[in-house]
Amino acid sequence: MDFTFTEEQQAAAEAAKGVFAGVAPDAVPSPALTPGAVAETYDRALWARLADADLLSLLLDARYGGAGLDAIALCLVLRESAQVLARVPLLESSAAAAAVQAYGGEEAKADLLARAGRGETVLTVAAHGRTGHDPAEQSVTARQDGGAWVLDGVQTAVPWAYDADVTLVPAHTGTGRTVLALVPRGHEGTHLAEQFSTSGERLGELRLTSARLAARDVIDTDGAWEWLRDLLATGTCALALGLGERVLRMTAQYTGEREQFGFPIATFQAVAVQAADRYIDLRAMEATLWQAAWRIASGAPGPLPAAGDVAVAKIWAAEGVRRVVQTAQHLHGGFGADVDYPLHRYHAWAKHLELSLGPAAAHEEALGDLLAAHPPA
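Let me begin by describing the structure that accompanies this report. (Residues numbered from 1 in each chain as written. Predicted model: local features only at pLDDT ≥ 70, side-chain atom pairs only at ≥ 80, totals over all residues. Heavy atoms only, no water.)

A short note on the nonpolar core
- Core analysis: the largest hydrophobic core is formed by 90 residues, its most contacted members being Phe20, Leu50, Leu168, Leu228 and Leu243.
- If you tally residues by element for this core, the top one is helix H6 (residues 224–257), at 16 residues.
- Those residues in contact with Phe20, other than ones at most four positions away along the chain, are Leu46, Leu50, Val77, Glu80, Ser81, Val84 and Ala86. (Core = buried A, V, L, I, M, F, W, Y, C linked by side-chain atoms within 4.5 Å. Buried < 20%, exposed > 50% of the residue type's maximum accessible area, 1.4 Å probe, protein only. Helix = DSSP H or I, 4+ residues; strand = E, 2+ residues; numbered from the N terminus. Contact = heavy atoms within 4.5 Å.)

Points about the packing of helix H4 (residues 90–103) against helix H5 (residues 106–117)
- Packing of H4 against H5 leaves a shortest axis separation of 10 Å and a crossing angle of 145°. Where H4 crosses over H5, the two elements pack in a sense that is left-handed. Contact residues: H4 offers Ala97, Val100 and Gln101, while H5 offers Ala108, Lys109, Leu113 and Ala116. (Axes fitted to C-alpha atoms, helices over the stretch in contact; angles between N-to-C directions. Left-handed = near helix turned anticlockwise from the far one by under 90°.)

Brief notes about the side chain of Lys109
- Within the secondary structure layout, Lys109 lies in helix H5.
- What makes Lys109 buried here is its relative accessible area of 9%.
- Residues contacting Lys109, with those up to four places away along its chain left out, are Arg63, Tyr64, Val100, Gln101 and Gly104.

Points about helix H10 (residues 360–373)
- When the terminal C-alpha atoms of H10 are compared, their 20 Å separation across 14 residues agrees well with the 20 Å that a helix rising 1.5 Å per residue should span.
- The complete set of buried residues in H10 reads Ala360, His363, Leu367 and Leu370. Down the axis of H10, the smallest arc covering the buried residues is 75°, so these residues share one side. For H10, exposure combined with an orientation more than 90 degrees from the buried face picks out Ala361, Glu365, Ala372 and Ala373.
- Along its buried surface, H10 packs onto helix H8 (306–332) and helix H9 (343–357). (Expected span 1.5 Å × (residues − 1). Arc of directions from axis to C-beta.)

Shown next as structure tokens:
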């Protein structure tokens, strides 16, 4: 295990810093003041700049116009995007394209990958199941009918559902296998209902009723969904890390300038200790993130499957990002709730990420099951 980033990975991070440098986290109305979605669509101008910088094709092979990089490079870019609350489907589209490349058929690859890498086609993933608590693959059924597949079920909180050209939907078969269906937007037998995240973004409840797909549009390779699920979770941990780092910097700046009794409150022991605790949270989030990303990128064996490392990263990210924003709000006092100051936006995004990751207790239980199934030699 070597956490030294390669020159190519560092170059991707530097390119991301350049693209995101001019992004304002308060470029859309505050979610605290907006009853519906803060915007009709994602930041298309930013999406175009990401495409021009070749940051949408990081994980794609050269034959699709990509850089052939790995999950670590993607997480480095996602970390930068979260620091400015970038409103783009970077994680979902990149991860979905990588899954199609790794497990999809040649026709699907030819149709989607080059266009996705150029930002012309947007992909997303229905990864939250029917309620957000049940396994996503158990919420939709898939059965074969002649040469086609027929899907029925519901997926909740699908990100960018109204903007994505194709949604990857996990579904279970009668034999207990999981397939990934590539469902075009507006496909016959599908229906979208509006939902809204805590960050004010528009999500979609995707309902499938006898939705019929050709065999070429269904990935039935073993392990495809599990690999995509781990990549999405690890990317979400990277978003949580980037957001937490930005919030801690905002807190350090504020407490260094805010004075009480003639001294900056950052010099007070109670304030310094709380900030130090949150710094420790962030470093633990970082170490566990890179461990999970390295396992996915390298495919290296370990005492546990890669899902174990992902579970540890999710535990730290879900708990850590919540503690960081709560401490920031506390140390900012009433100023943290001011809608003219961006901290409340970071708090709303952090809550969305925490809910997306799921409760730490569930990941601890999953980790316990893995440990029981793979006892030390």
